[in-house]
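Chain residues, written in single-letter form:
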Amino acid sequence: QVQLVESGGGLVQPGGSLRLSCAASGSIFSIYAMGWYRQFPGKQRELVATITSGGSTNYADSVKGRFTISRDNAKNTVYLQMNSLKPEDTDVYYCNAGARTAPGAGYLEVWGQGTLVTVSS
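**Student:** Give a detailed account of the packing of aromatic side chains, specifying residues and quantitative values.
**Tutor:** Taken as a whole and assessed by the stated rule, the structure comprises 2 aromatic pairs. Taking the centre distance of 5.8 Å and the plane angle of 35 degrees together, the rings of Tyr32 and Tyr107 count as tilted. One end of the pair, Tyr32, is in strand E4 (residues 30-39); the other, Tyr107, is in the loop between strand E9 (91-100) and strand E10 (108-111), and 75 residues separate them in sequence. Its relative accessible area of 49% is what places Tyr107 among the partly exposed residues. A ring pair is formed by Tyr37 and Trp111, whose centres lie 5.1 Å apart and whose planes are at 65 degrees; its orientation type is edge-to-face. Of this pair, Tyr37 sits in strand E4 while Trp111 sits in strand E10, placing them 74 residues apart in sequence. What makes Trp111 partly exposed here is its relative accessible area of 32%. Here the guanidinium or amino end of Arg45 rests over the ring plane of Tyr94, the centre of that ring lying 3.8 Å away.

Okay, here's the thing in structure tokens:
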């Protein structure tokens, strides 16, 4: 199986920055698109940003110009650099990845356990 482990969440003041990391481990043959989603308790999970294995990116309108997604394919790791943070960015952030454990094996959609980001003064 494939596991995703996130790190980097925490408390930050409005206007501040945080960098989230998510590393994939386990029986990895290939990692495809990776991304970040966020969810406030009682609300739907929403897309923040995604990045393909080739580096193409997609962002939610609410974070464009403030957040940057990147990845290190050699380390099977995706990052989310968050700048100019706002109180409304407060959420649990989840890492997501598509993966295969072997050639011809089924496509897996894997989620991390989530990391809390709190933007408050």
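After that view, the rundown keeps rolling.
**Student:** Go over the pattern of salt bridges, please, and point to the residues and values.
**Tutor:** One pass over the structure, following the stated rule, counts 5 salt bridges. Several salt bridges converge on common partners, so that one network encompasses Arg38, Glu46, Arg66, Asp89 and Asp91.

**Student:** How would you explain the nonpolar core if you had to name every residue and give the values?
**Tutor:** In summary, soluble globular proteins display a tendency toward joint burial of nonpolar side chains. In this structure, Trp36, Leu80, Met82 and Tyr93 are the most contacted members of the largest nonpolar core, which totals 29 residues. When contributions to this core are tallied by element, the ones reaching two or more residues are strand E1 (2-7), strand E3 (18-26), E4, strand E5 (46-51), strand E7 (67-72), strand E8 (77-82), E9 and strand E11 (115-119). Beyond its immediate chain neighbours, meaning those up to four positions away, Met82 contacts Gly16, Ser17, Leu18, Leu20, Arg66, Phe67, Tyr93 and Val117.

Cut-off values and rules
- Residues numbered from 1 in each chain as written.
- Predicted model: local features only at pLDDT ≥ 70, side-chain atom pairs only at ≥ 80, totals over all residues.
- Heavy atoms only, no water.
- Phe/Tyr/Trp six-rings, centres within 6.5 Å; stacked < 30°, edge-to-face > 60°.
- Helix = DSSP H or I, 4+ residues; strand = E, 2+ residues; numbered from the N terminus.
- Buried < 20%, exposed > 50% of the residue type's maximum accessible area, 1.4 Å probe, protein only.
- Lys NZ or Arg CZ within 6 Å of the ring centre and 35° of its normal.
- Salt bridge = Lys/Arg side-chain N within 4 Å of Asp/Glu carboxyl O.
- Core = buried A, V, L, I, M, F, W, Y, C linked by side-chain atoms within 4.5 Å.
- Contact = heavy atoms within 4.5 Å.

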